[in-house]
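Okay, here's what each chain looks like letter by letter:
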Amino acid sequence: MGQKKDLTGSEKSKIVRYLAEGCSSLKIAKLLKRDHRTIKRFIQNSQQGRKKRVEKPRRKITAHELRKVKRAAAKMPLATSLAIFQSCNITGVPKSTRCAILRDMAKVRKAERRPPLNKTHKLKRQDWAKKYLKTDFSKVLWTDEMRVSLDGPDGWARGWIGKGQRAPVRLRRQQGGGGVLVWAGIIKDELVGPFRVEDEVKLNSQSYCQFLEDTFFKQWYRKKSASFKKNMIFMQDNAPSHASKYSTAWLARKGIKEEKLMTRPPCSPDLNPIENLWSIIKCEIYKEGKQYTSLNSVWEAVVAAARNVDGEQIKTLTESMDGRLLSVLAKKGGYIGR
(Lines give C-alpha, C1' and ligand atoms only; values in the text may rest on other atoms or scores of the structure.)
Protein backbone atom coordinates (compact mmCIF):
# COMPACT_ATOMS: atom_id res chain seq x y z
CA MET A 1 0.00 0.00 0.00
CA GLY A 2 1.46 3.38 -1.03
CA GLN A 3 2.00 6.24 1.37
CA LYS A 4 -0.97 8.61 1.52
CA LYS A 5 -0.59 12.29 0.81
CA ASP A 6 -0.34 14.76 3.67
CA LEU A 7 -3.17 17.16 4.31
CA THR A 8 -3.04 20.18 2.02
CA GLY A 9 -3.26 23.73 3.28
CA SER A 10 -6.78 23.99 1.91
CA GLU A 11 -7.85 20.81 3.76
CA LYS A 12 -6.35 22.07 7.02
CA SER A 13 -8.28 25.33 6.68
CA LYS A 14 -11.50 23.38 6.07
CA ILE A 15 -10.88 21.23 9.17
CA VAL A 16 -10.51 24.34 11.32
CA ARG A 17 -13.69 25.80 9.84
CA TYR A 18 -15.67 22.56 10.35
CA LEU A 19 -14.48 22.31 13.96
CA ALA A 20 -15.65 25.88 14.56
CA GLU A 21 -19.07 24.86 13.20
CA GLY A 22 -19.25 21.97 15.71
CA CYS A 23 -18.56 19.04 13.36
CA SER A 24 -16.99 15.89 14.79
CA SER A 25 -13.73 14.47 13.47
CA LEU A 26 -15.60 11.54 11.93
CA LYS A 27 -17.95 13.83 10.03
CA ILE A 28 -15.02 15.97 8.84
CA ALA A 29 -13.28 12.83 7.55
CA LYS A 30 -16.36 11.91 5.53
CA LEU A 31 -16.72 15.44 4.15
CA LEU A 32 -13.07 15.58 3.05
CA LYS A 33 -12.97 11.90 2.04
CA ARG A 34 -9.89 11.33 4.15
CA ASP A 35 -8.99 8.69 6.70
CA HIS A 36 -10.45 9.40 10.15
CA ARG A 37 -7.10 8.75 11.84
CA THR A 38 -5.41 11.40 9.69
CA ILE A 39 -8.00 14.01 10.70
CA LYS A 40 -7.79 13.00 14.35
CA ARG A 41 -3.99 13.18 14.36
CA PHE A 42 -4.05 16.69 12.87
CA ILE A 43 -6.53 17.90 15.51
CA GLN A 44 -4.44 16.44 18.36
CA ASN A 45 -1.20 17.97 17.07
CA SER A 46 -2.88 21.36 16.66
CA GLN A 47 -4.17 21.33 20.24
CA GLN A 48 -0.76 20.49 21.66
CA GLY A 49 0.76 23.63 20.13
CA ARG A 50 4.40 24.24 19.45
CA LYS A 51 7.05 23.23 21.90
CA LYS A 52 8.86 26.10 23.52
CA ARG A 53 12.46 26.50 22.55
CA VAL A 54 14.74 25.62 25.40
CA GLU A 55 17.74 27.91 25.61
CA LYS A 56 20.92 25.91 25.99
CA PRO A 57 23.29 27.23 28.62
CA ARG A 58 26.30 29.09 27.25
CA ARG A 59 29.76 27.68 27.67
CA LYS A 60 31.20 29.55 30.62
CA ILE A 61 34.01 31.96 29.80
CA THR A 62 36.28 33.04 32.58
CA ALA A 63 36.94 36.69 33.40
CA HIS A 64 40.54 36.26 32.23
CA GLU A 65 39.37 34.90 28.86
CA LEU A 66 36.90 37.78 28.50
CA ARG A 67 39.71 40.29 28.93
CA LYS A 68 41.76 38.48 26.29
CA VAL A 69 38.79 38.55 23.88
CA LYS A 70 38.26 42.26 24.47
CA ARG A 71 41.91 43.05 23.75
CA ALA A 72 41.88 40.89 20.63
CA ALA A 73 38.71 42.59 19.32
CA ALA A 74 40.40 45.98 19.74
CA LYS A 75 43.56 44.82 17.93
CA MET A 76 41.72 43.00 15.11
CA PRO A 77 39.04 45.32 13.66
CA LEU A 78 36.63 43.68 11.19
CA ALA A 79 37.83 40.17 12.18
CA THR A 80 35.35 37.30 12.48
CA SER A 81 34.32 35.95 15.87
CA LEU A 82 36.18 32.70 15.11
CA ALA A 83 39.43 34.54 14.31
CA ILE A 84 39.18 36.61 17.51
CA PHE A 85 38.62 33.56 19.73
CA GLN A 86 41.32 31.54 17.98
CA SER A 87 43.85 34.32 18.55
CA CYS A 88 43.07 33.96 22.29
CA ASN A 89 43.48 30.16 22.16
CA ILE A 90 39.86 29.72 23.25
CA THR A 91 38.39 26.68 21.51
CA GLY A 92 35.14 24.73 21.67
CA VAL A 93 32.90 27.82 21.75
CA PRO A 94 29.96 27.70 19.29
CA LYS A 95 29.33 30.65 16.97
CA SER A 96 26.13 31.71 18.76
CA THR A 97 28.02 31.97 22.07
CA ARG A 98 30.96 33.82 20.49
CA CYS A 99 28.63 36.38 18.92
CA ALA A 100 26.64 36.81 22.14
CA ILE A 101 29.85 37.50 24.08
CA LEU A 102 31.19 39.94 21.48
CA ARG A 103 27.84 41.75 21.33
CA ASP A 104 28.43 42.91 24.92
CA MET A 105 31.73 44.57 24.06
CA ALA A 106 31.71 45.33 20.32
CA LYS A 107 29.55 46.11 17.31
CA VAL A 108 29.43 44.77 13.76
CA ARG A 109 30.51 47.68 11.57
CA LYS A 110 31.60 48.22 7.98
CA ALA A 111 34.99 49.67 7.14
CA GLU A 112 34.87 53.39 6.41
CA ARG A 113 35.67 54.37 2.85
CA ARG A 114 37.92 57.36 2.32
CA PRO A 115 40.45 58.50 -0.26
CA PRO A 116 44.09 57.59 0.41
CA LEU A 117 46.11 60.48 1.80
CA ASN A 118 49.88 60.48 1.45
CA LYS A 119 52.33 63.05 2.84
CA THR A 120 52.00 65.33 -0.20
CA HIS A 121 48.20 65.30 0.04
CA LYS A 122 48.32 66.26 3.71
CA LEU A 123 50.70 69.15 3.05
CA LYS A 124 48.46 70.47 0.27
CA ARG A 125 45.42 70.21 2.53
CA GLN A 126 47.19 72.21 5.23
CA ASP A 127 48.29 74.86 2.74
CA TRP A 128 44.74 75.10 1.38
CA ALA A 129 43.29 75.46 4.89
CA LYS A 130 45.75 78.24 5.78
CA LYS A 131 45.04 80.05 2.51
CA TYR A 132 41.27 80.15 2.97
CA LEU A 133 41.08 80.34 6.77
CA LYS A 134 39.89 83.97 6.71
CA THR A 135 37.57 83.56 3.71
CA ASP A 136 33.93 84.55 3.95
CA PHE A 137 32.43 81.20 2.96
CA SER A 138 28.94 82.67 2.59
CA LYS A 139 30.19 84.02 -0.78
CA VAL A 140 31.55 80.66 -2.02
CA LEU A 141 29.52 78.59 -4.47
CA TRP A 142 30.35 74.94 -3.78
CA THR A 143 29.76 72.80 -6.89
CA ASP A 144 30.04 69.12 -7.72
CA GLU A 145 28.55 66.29 -9.79
CA MET A 146 26.80 63.17 -8.52
CA ARG A 147 25.78 60.01 -10.37
CA VAL A 148 22.57 58.31 -9.29
CA SER A 149 21.72 54.81 -10.52
CA LEU A 150 18.39 53.02 -10.79
CA ASP A 151 19.32 50.54 -8.04
CA GLY A 152 21.19 52.80 -5.62
CA PRO A 153 24.36 52.06 -3.64
CA ASP A 154 25.12 48.44 -2.77
CA GLY A 155 24.19 47.42 0.76
CA TRP A 156 21.53 50.11 1.27
CA ALA A 157 18.58 47.77 0.70
CA ARG A 158 18.62 46.42 4.24
CA GLY A 159 16.18 46.82 7.09
CA TRP A 160 13.94 45.11 9.60
CA ILE A 161 11.37 42.57 8.38
CA GLY A 162 8.66 41.13 10.60
CA LYS A 163 8.73 37.47 11.58
CA GLY A 164 6.92 35.30 9.09
CA GLN A 165 7.31 37.87 6.31
CA ARG A 166 9.46 37.32 3.25
CA ALA A 167 12.03 39.83 2.10
CA PRO A 168 10.87 41.72 -1.02
CA VAL A 169 12.40 40.67 -4.33
CA ARG A 170 15.10 43.01 -5.58
CA LEU A 171 16.11 43.37 -9.23
CA ARG A 172 19.71 42.62 -10.17
CA ARG A 173 21.05 44.69 -13.06
CA GLN A 174 24.50 45.38 -14.41
CA GLN A 175 26.02 48.66 -13.22
CA GLY A 176 22.94 49.41 -11.15
CA GLY A 177 20.71 49.55 -14.24
CA GLY A 178 22.38 52.70 -15.57
CA GLY A 179 22.28 56.16 -14.08
CA VAL A 180 21.98 59.92 -14.39
CA LEU A 181 24.74 62.49 -13.84
CA VAL A 182 23.58 65.47 -11.77
CA TRP A 183 25.31 68.83 -11.20
CA ALA A 184 24.42 71.28 -8.43
CA GLY A 185 25.84 73.99 -6.24
CA ILE A 186 25.17 75.52 -2.82
CA ILE A 187 25.93 79.04 -1.61
CA LYS A 188 25.01 80.41 1.80
CA ASP A 189 21.44 79.06 2.22
CA GLU A 190 20.59 78.62 -1.48
CA LEU A 191 20.60 75.54 -3.71
CA VAL A 192 21.63 76.06 -7.35
CA GLY A 193 20.04 73.40 -9.53
CA PRO A 194 20.09 70.46 -9.62
CA PHE A 195 20.77 70.25 -13.36
CA ARG A 196 20.84 67.04 -15.35
CA VAL A 197 23.66 66.19 -17.71
CA GLU A 198 22.23 64.79 -20.93
CA ASP A 199 22.37 61.01 -21.25
CA GLU A 200 25.28 59.57 -23.24
CA VAL A 201 27.23 62.85 -22.84
CA LYS A 202 30.73 62.34 -21.49
CA LEU A 203 31.98 65.40 -19.67
CA ASN A 204 35.22 66.63 -21.21
CA SER A 205 36.44 70.23 -21.14
CA GLN A 206 34.26 71.37 -24.05
CA SER A 207 31.06 69.59 -22.98
CA TYR A 208 31.54 70.71 -19.36
CA CYS A 209 31.81 74.38 -20.36
CA GLN A 210 28.83 74.07 -22.70
CA PHE A 211 26.84 72.45 -19.90
CA LEU A 212 27.64 75.33 -17.53
CA GLU A 213 26.66 77.82 -20.21
CA ASP A 214 23.26 76.18 -20.84
CA THR A 215 22.38 75.63 -17.17
CA PHE A 216 24.32 77.52 -14.51
CA PHE A 217 25.04 80.74 -16.42
CA LYS A 218 21.79 81.08 -18.38
CA GLN A 219 19.36 79.87 -15.70
CA TRP A 220 20.92 81.21 -12.49
CA TYR A 221 24.07 83.34 -12.72
CA ARG A 222 22.69 85.76 -15.30
CA LYS A 223 19.85 86.78 -12.96
CA LYS A 224 22.19 87.88 -10.17
CA SER A 225 23.23 91.45 -9.49
CA ALA A 226 26.59 92.90 -10.48
CA SER A 227 27.69 93.20 -6.83
CA PHE A 228 26.88 89.51 -6.24
CA LYS A 229 28.88 88.45 -9.30
CA LYS A 230 31.79 90.60 -8.19
CA ASN A 231 32.04 88.92 -4.77
CA MET A 232 31.07 85.32 -5.62
CA ILE A 233 33.81 82.66 -5.53
CA PHE A 234 33.29 79.61 -7.76
CA MET A 235 34.57 76.37 -6.23
CA GLN A 236 35.09 73.12 -8.16
CA ASP A 237 37.19 69.99 -7.72
CA ASN A 238 40.26 68.93 -9.71
CA ALA A 239 38.48 66.68 -12.22
CA PRO A 240 40.28 66.78 -15.63
CA SER A 241 37.31 68.47 -17.30
CA HIS A 242 37.31 71.18 -14.60
CA ALA A 243 41.01 71.88 -14.20
CA SER A 244 42.03 71.80 -17.88
CA LYS A 245 43.51 74.87 -19.60
CA TYR A 246 40.46 75.08 -21.86
CA SER A 247 37.99 75.18 -18.92
CA THR A 248 40.13 77.59 -16.91
CA ALA A 249 40.41 80.00 -19.86
CA TRP A 250 36.69 79.70 -20.61
CA LEU A 251 35.73 80.52 -17.00
CA ALA A 252 38.19 83.44 -17.05
CA ARG A 253 36.33 84.93 -20.02
CA LYS A 254 33.18 84.68 -17.88
CA GLY A 255 34.88 86.70 -15.16
CA ILE A 256 35.67 83.72 -12.90
CA LYS A 257 39.43 83.76 -12.51
CA GLU A 258 42.29 84.15 -10.03
CA GLU A 259 40.87 84.67 -6.53
CA LYS A 260 37.31 84.14 -7.78
CA LEU A 261 38.10 80.52 -8.76
CA MET A 262 38.70 78.12 -5.90
CA THR A 263 39.97 74.58 -6.50
CA ARG A 264 39.80 71.86 -3.88
CA PRO A 265 42.98 69.98 -2.88
CA PRO A 266 43.21 66.41 -4.26
CA CYS A 267 41.58 63.49 -2.41
CA SER A 268 39.55 65.86 -0.22
CA PRO A 269 35.78 65.31 -0.55
CA ASP A 270 35.51 66.18 3.16
CA LEU A 271 36.37 69.79 2.25
CA ASN A 272 33.33 70.26 0.03
CA PRO A 273 30.04 70.61 1.97
CA ILE A 274 27.95 69.73 -1.08
CA GLU A 275 29.07 66.11 -0.55
CA ASN A 276 26.81 66.14 2.52
CA LEU A 277 23.95 67.40 0.36
CA TRP A 278 24.42 64.41 -1.95
CA SER A 279 24.16 62.11 1.07
CA ILE A 280 20.89 63.76 2.15
CA ILE A 281 19.41 63.36 -1.33
CA LYS A 282 20.54 59.74 -1.73
CA CYS A 283 19.12 58.78 1.67
CA GLU A 284 15.79 60.20 0.57
CA ILE A 285 15.56 58.70 -2.92
CA TYR A 286 16.81 55.23 -1.90
CA LYS A 287 15.02 54.88 1.44
CA GLU A 288 13.50 51.45 2.15
CA GLY A 289 15.62 49.98 -0.65
CA LYS A 290 13.70 51.75 -3.41
CA GLN A 291 14.60 50.97 -7.02
CA TYR A 292 13.64 52.77 -10.22
CA THR A 293 12.58 51.51 -13.64
CA SER A 294 13.69 54.44 -15.81
CA LEU A 295 16.25 57.25 -15.83
CA ASN A 296 13.47 59.84 -15.90
CA SER A 297 11.89 58.44 -12.73
CA VAL A 298 15.15 58.55 -10.75
CA TRP A 299 15.79 62.11 -12.03
CA GLU A 300 12.32 63.19 -10.88
CA ALA A 301 13.07 61.67 -7.47
CA VAL A 302 16.31 63.69 -7.24
CA VAL A 303 14.47 66.93 -8.09
CA ALA A 304 11.75 66.20 -5.50
CA ALA A 305 14.32 65.37 -2.80
CA ALA A 306 16.31 68.52 -3.58
CA ARG A 307 13.18 70.66 -3.20
CA ASN A 308 12.63 69.21 0.27
CA VAL A 309 16.07 70.39 1.46
CA ASP A 310 15.40 73.68 3.23
CA GLY A 311 17.65 76.71 3.46
CA GLU A 312 18.60 76.05 7.08
CA GLN A 313 20.11 72.66 6.18
CA ILE A 314 22.15 74.23 3.39
CA LYS A 315 23.26 77.07 5.65
CA THR A 316 24.43 74.56 8.26
CA LEU A 317 26.58 72.86 5.62
CA THR A 318 28.15 76.04 4.23
CA GLU A 319 28.81 77.47 7.70
CA SER A 320 30.64 74.27 8.72
CA MET A 321 33.68 75.16 6.59
CA ASP A 322 35.41 77.27 9.24
CA GLY A 323 35.35 74.32 11.62
CA ARG A 324 36.52 71.94 8.91
CA LEU A 325 39.59 74.04 8.14
CA LEU A 326 40.52 74.20 11.82
CA SER A 327 40.13 70.42 12.06
CA VAL A 328 42.41 69.91 9.04
CA LEU A 329 45.10 72.05 10.67
CA ALA A 330 44.66 70.29 14.03
CA LYS A 331 45.05 66.90 12.33
CA LYS A 332 48.03 68.11 10.27
CA GLY A 333 46.21 67.56 7.01
CA GLY A 334 44.53 64.32 8.06
CA TYR A 335 41.07 63.23 6.95
CA ILE A 336 38.29 64.80 9.07
CA GLY A 337 35.22 62.91 7.83
CA ARG A 338 32.07 64.48 6.38
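What counts and what doesn't
- Residues numbered from 1 in each chain as written.
- Predicted model: local features only at pLDDT ≥ 70, side-chain atom pairs only at ≥ 80, totals over all residues.
- Heavy atoms only, no water.
- Axes fitted to C-alpha atoms, helices over the stretch in contact; angles between N-to-C directions.
- Helix = DSSP H or I, 4+ residues; strand = E, 2+ residues; numbered from the N terminus.
- Parallel < 35°, antiparallel > 145°, perpendicular 65-115°, else oblique.
- Left-handed = near helix turned anticlockwise from the far one by under 90°.
- Contact = heavy atoms within 4.5 Å.
- Nonpolar A, V, L, I, M, F, W, Y, C, P; charged D, E, K, R; others polar.
- Pairing = 2+ DSSP bridges.
- 1 Å grid on protein atoms, 1.4 Å probe; cavity = no way out; pocket = protein on both sides within 12 Å on 5 of 7 lines; lining within 4 Å.
- Points joined across faces, edges and corners; volume = space filled by probe spheres on them.
- Core = buried A, V, L, I, M, F, W, Y, C linked by side-chain atoms within 4.5 Å.
- Buried < 20%, exposed > 50% of the residue type's maximum accessible area, 1.4 Å probe, protein only.
- Domains from an automatic or database assignment.

Visitor: In this structure, what is going on with the packing of helix α1 (residues 9-20) against helix α2 (residues 25-32)? I would like to understand it.
Guide: For any two helices packed against each other, one specifies the crossing angle of their axes together with the interaxial distance. Axis separation between α1 and α2 bottoms out at 10 Å; the angle between their running directions is 140 degrees. Judged on the interaxial angle alone, α2 and α1 are oblique. Relative to α2, the crossing made by α1 is right-handed. Within the contact between the two elements, α1 uses E11, K14, I15, Y18 and L19 and α2 uses I28, L31 and L32. Residues belonging to the contact of α1 with α2 are distributed by class as follows: six nonpolar, no polar and two charged.

Visitor: For this particular structure, what's the right way to read the packing of helix α8 (residues 205-219) against helix α11 (residues 245-253)?
Guide: At a minimum axis separation of 8 Å, α8 and α11 run at an interaxial angle of 30 degrees. Considering their axes alone, α8 and α11 lie roughly parallel with respect to each other. In this structure, the crossing between α8 and α11 has a hand that is right-handed. Contacts from S205, Q206, Y208, C209, L212, E213 and F217 of α8 reach α11 at Y246, S247, W250 and L251. Here the residues of the contact of α8 with α11 sort into seven nonpolar, three polar and one charged.

Visitor: Could you clarify how one ought to interpret the sheet that holds strand β5 (residues 261-263) in this entry?
Guide: In a beta sheet, neighbouring strands are held together by backbone hydrogen bonds and run either parallel or antiparallel to one another. The strand order across the open sheet built from five strands is β3-β2-β1-β4-β5, with neighbouring strands paired in mixed fashion. Every interior strand has two partners, whereas the edge strands, β3 (190-196) and β5, have only one. Going from strand to strand, the sheet's axes swing by 25 degrees on average, the running direction of each strand aside. Pairing of strand β2 (residues 179-187) with β3 involves five bridges; the strand directions are antiparallel.

Visitor: Can you help me understand the layout of surface pockets in this one?
Guide: Vacant regions in the atomic arrangement are exposed by a probe of water-molecule size rolled over the atoms. In this structure, the second largest pocket spans a volume of roughly 470 Å³. For the second largest pocket, the lining is made up of 16 residues, of which A79, I84, L102, K107 and V108 are closest to its centre. At the level of elements, α5 (81-87) and α6 (95-103) are the ones that each hand at least two residues to the lining of the second largest pocket. Of all the elements, α6 adds the most residues to the lining of the second largest pocket, at four residues. The residue makeup of the lining of the second largest pocket, split by class, is 10 nonpolar, two polar and four charged.

Visitor: Quick question: what am I supposed to make of the environment of V328 here?
Guide: Relative to the helices and strands, V328 resides in helix α15 (residues 321-330). Considering only alpha carbons, one finds V328 and A243, 85 residues apart in sequence, at a separation of 23 Å. Excluding residues within four positions of it along the chain, V328 makes contact with R125, Q126, A129, L271, G333, G334 and I336.

Visitor: Sorry if this is basic, but what is going on with the environment of L191 here?
Guide: Considering the arrangement of structural elements, one finds L191 in strand β3. A C-alpha to C-alpha distance of 9.9 Å links L191 and K315, two positions 124 residues apart in sequence. Here L191 is in contact with A184, G185, I186, L277, A306 and I314, once residues within four sequence places are set aside.

Visitor: Looking at this model, I keep getting lost on the nonpolar core. Mind explaining?
Guide: Taken as a class, soluble globular proteins show a tendency for nonpolar side chains to be buried jointly. Core analysis: the largest hydrophobic core is formed by 38 residues, its most contacted members being W142, V148, M262, I281 and I285. Secondary-structure elements contributing two or more residues to this core are α7 (119-131), β1 (140-149), β2, β4 (233-236), α12 (274-285), α13 (295-307), α14 (311-318) and α15. I285 has contacts with V148, K290, Y292, A301, V302 and A305, leaving out every residue within four places of it along the chain. F195, F217, W220 and F234 belong to the second largest nonpolar core, which has 21 residues in total.

Visitor: Hey, could you run me through the environment of K331 in this one?
Guide: Looking at the secondary structure, you find K331 in the segment after α15. By relative accessible area, which is 49% here, K331 ends up partly exposed. Separated by 209 residues in the primary sequence, K331 and K122 have C-alpha atoms spaced 9.2 Å apart.

Visitor: Even after reading the chapter, I still don't get the domain arrangement of the chain, so can you show me in this structure?
Guide: Interface size is often expressed as the accessible area that is lost when the parts come together. Structurally, the chain comprises domain 1 (9-45), domain 2 (63-105) and domain 3 (119-154 + 176-331). Taking only C-alpha atoms, the centre of domain 1 and the centre of domain 2 are 52 Å apart.

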